[in-house]
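# Coordinate analysis (summary)
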Amino acid sequence: MKILVIGSGGREHALCRKFLENPAVEKIYVAPGNGGTKLTPRCENVSVSGIDALAEFAKAEAVDLTMVGSEELLVAGIVDKYREKGLAIFGPDKKAALLEGSKAWAKTFMEKYGVKTAKYKVFTDPTEAKAYAGTCDHPLVVKASGLAAGKGVLICQTSAESLAAIDEIMIARAFQDAGDEIVIEEYLEGVEASILSITDSRVILPFISAKDHKKIGEGDTGLNTGGMGTIAPNPYVTKEVFAQFERDILAPTLRGINAEGMRFAGVIFFGLMINARGVWLLEYNMRMGDPETQVVLPLLENDLTELLQEALAGDLDKTELRWKPEHACCVVLASRGYPGSYGKGYEINGLDAVQNDWLAAGVAEKDGKLLTSGGRVLNLVATGKTLEEARQKAYSDVELVGFQGKYYRKDIGISKK
Ligand code: AMP
Ligand code: GLY
């Protein structure tokens, strides 16, 4: 069996690792991949990009299954293109991908089907948006509706900040077309959780919960990043919280998917806020999270290839997900300066000494050496019987790896955020 994984981050390296547990997987092409996937046996990095070229490649190489890491190609319709050509791909088609690609559309969907979410209004006119923001309590959340690489959400403490946020998104066009439409929504206090799931549009099977740490600084300070570390399960997702999630978010989402006639096999990643008033949906992502994938997959006992095939066959009602009764922790090593500007090309040392697992993200390979090539460079991942054990194992590996400008948060799994 041949698989094509599209992407170049730690998430994609983790996906390759998990696929390779199945001995029937003879080859994984990774487009474009990174220095870690390049050195992984049975993996081959290929420099193919763009929907048409990727579909052509899958056909020419007789790829049995394609999986896409990040959202851009899904929203642009890669699944529809594969379907036209009769090729197997796991992920939402263009219509279902709108649940991530348009926050305005997603909020309308949530409201229509009774998914518990913050109160909101959608605007395409900045003057109307400002008039409305002036009447709202603060903090207030102003969001560019389209894809903005995780940067399009602005939390505003005062009405002056809201007006400035609307100007930044709609007038200065900080996120280009993604800001032609905006969502203004009520600010929710609480603790966040990520629950990924797999669906065949008939059932949604939730994964073990995870917790991301989004800010660059310890104690939830500084700028937002793609994620500085994760743990699974999320200690705030108690049995009671999970039951509320299933009732108030998962079940109405499935009703909506059916009522809208969406038919796809893919991931639904629920970005949640938990507070005394219940569990709220902040957003849908229609792909695996990064770095959530890095802690969820090591705890999954099912074979990933078989799981995706069951989803594509519409057979998930017969599938039972099995989870190791363990905890996982992923610490991201980043380049100093990230999420702003940072240096690249520094040699990475010490990976041979790592006792648990490491995954490459912003890593390039040159003449057998691994060099930093991005903001988030490496993921150190460990599992343990307790969260504390998993943390200690991951952090002891952190000490063993070095590169110029190495930066990481010391409170992954401890900080509430
Ligand atoms: P989103 O892309 O919609 O998940 O937003 C990105 C991040 O912004 C979330 O992970 C939260 O930290 C924050 N956020 C989004 N919406 C809200 C909200 N209504 N209240 C509080 N924080 C929010
Ligand atoms: N870690 C958050 C995301 O993948 O969107």
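Everything in this summary refers to the structure shown in the same document. No experiment lies behind these values; they were computed from the predicted model shown.

### Observations regarding the sheet that holds strand β11 (residues 204-206)
Strand order across the open sheet formed by four strands is β11-β10-β16-β17, with antiparallel pairing between neighbours. Edge positions in the open sheet fall to β11 and β17 (278-285), since each of these has one partner strand only. Each strand axis lies, on average, 35 degrees off the axis of its neighbour in the sheet, ignoring direction. Relative to β11, strand β10 (residues 191-199) runs antiparallel, the two sharing three bridges. Along β11, the bridge assignment pairs Ile198 with Leu205.

### Focus on helix α9 (residues 159-171)
Along an α-helix, residues three or four positions apart point the same way, because every turn accommodates 3.6 residues. End to end, α9 covers 17 Å across 13 residues, agreeing with the expected 18 Å (1.5 Å per residue, within 8%). On the buried face of α9, the contacting elements are β6 (120-123), α8 (126-133), β7 (140-144), β8 (153-156) and β9 (182-186). Positive backbone phi, at 55 degrees, marks Arg173, one or two positions downstream of α9.

### A short note on the nonpolar core
Looking at soluble globular proteins, one finds that nonpolar side chains tend to be buried together. Phe19, Ile28, Phe90, Ile198 and Leu308 are the most contacted members of the largest nonpolar core, which has 42 residues in total. Counting residues in each nonpolar core, the second largest holds 27 residues, with Leu99, Phe109, Ile268 and Phe270 among its members.

### Things to note about the site of ligand 1
Taken together, 14 residues form the shell around ligand 1, and within it Lys143, Glu185, Leu188, Glu192 and Glu283 come nearest. Glu186 places a polar main-chain atom, nitrogen or oxygen, 2.9 Å from a nitrogen atom of ligand 1. In this structure, an oxygen atom belonging to ligand 1 sits 2.8 Å away from a side-chain N or O atom of Glu283. Compared with its free state, where it exposes 470 Å², ligand 1 has 89% of that area covered by protein. The set of elements that each furnish at least two residues to the shell around ligand 1 consists of β7, β8, β9 and β17. Of the residues contributing to the shell around ligand 1, the split by class is seven nonpolar, no polar and seven charged.

### Some points on the site of ligand 2
By nearness alone, every residue bordering ligand 2 is listed as Asp212, Gly226, Phe269, Asn285, Arg287, Gly289, Asp290, Pro291 and Glu292. In the model, a nitrogen atom of ligand 2 is placed 2.8 Å from a nitrogen or oxygen of the Glu292 side chain. When the free accessible area of ligand 2 is taken as 200 Å², the share hidden by the protein chains comes to 86%. For the shell around ligand 2, the per-class residue count stands at two nonpolar, three polar and four charged.

About the criteria used
Residues numbered from 1 in each chain as written. Chains lettered and ligands numbered in written order. Predicted model: local features only at pLDDT ≥ 70, side-chain atom pairs only at ≥ 80, totals over all residues. Heavy atoms only, no water. Pairing = 2+ DSSP bridges. Helix = DSSP H or I, 4+ residues; strand = E, 2+ residues; numbered from the N terminus. Axes fitted to C-alpha atoms, helices over the stretch in contact; angles between N-to-C directions. Expected span 1.5 Å × (residues − 1). Contact = heavy atoms within 4.5 Å. Core = buried A, V, L, I, M, F, W, Y, C linked by side-chain atoms within 4.5 Å. Buried < 20%, exposed > 50% of the residue type's maximum accessible area, 1.4 Å probe, protein only. Near = heavy atom within 4 Å. Polar contact = N/O pair within 3.5 Å; in protein donor to acceptor, adjacent residues only side chain to side chain. Areas by Shrake-Rupley, 256 points an atom, 1.4 Å probe, with all protein chains shown as cover. Nonpolar A, V, L, I, M, F, W, Y, C, P; charged D, E, K, R; others polar.

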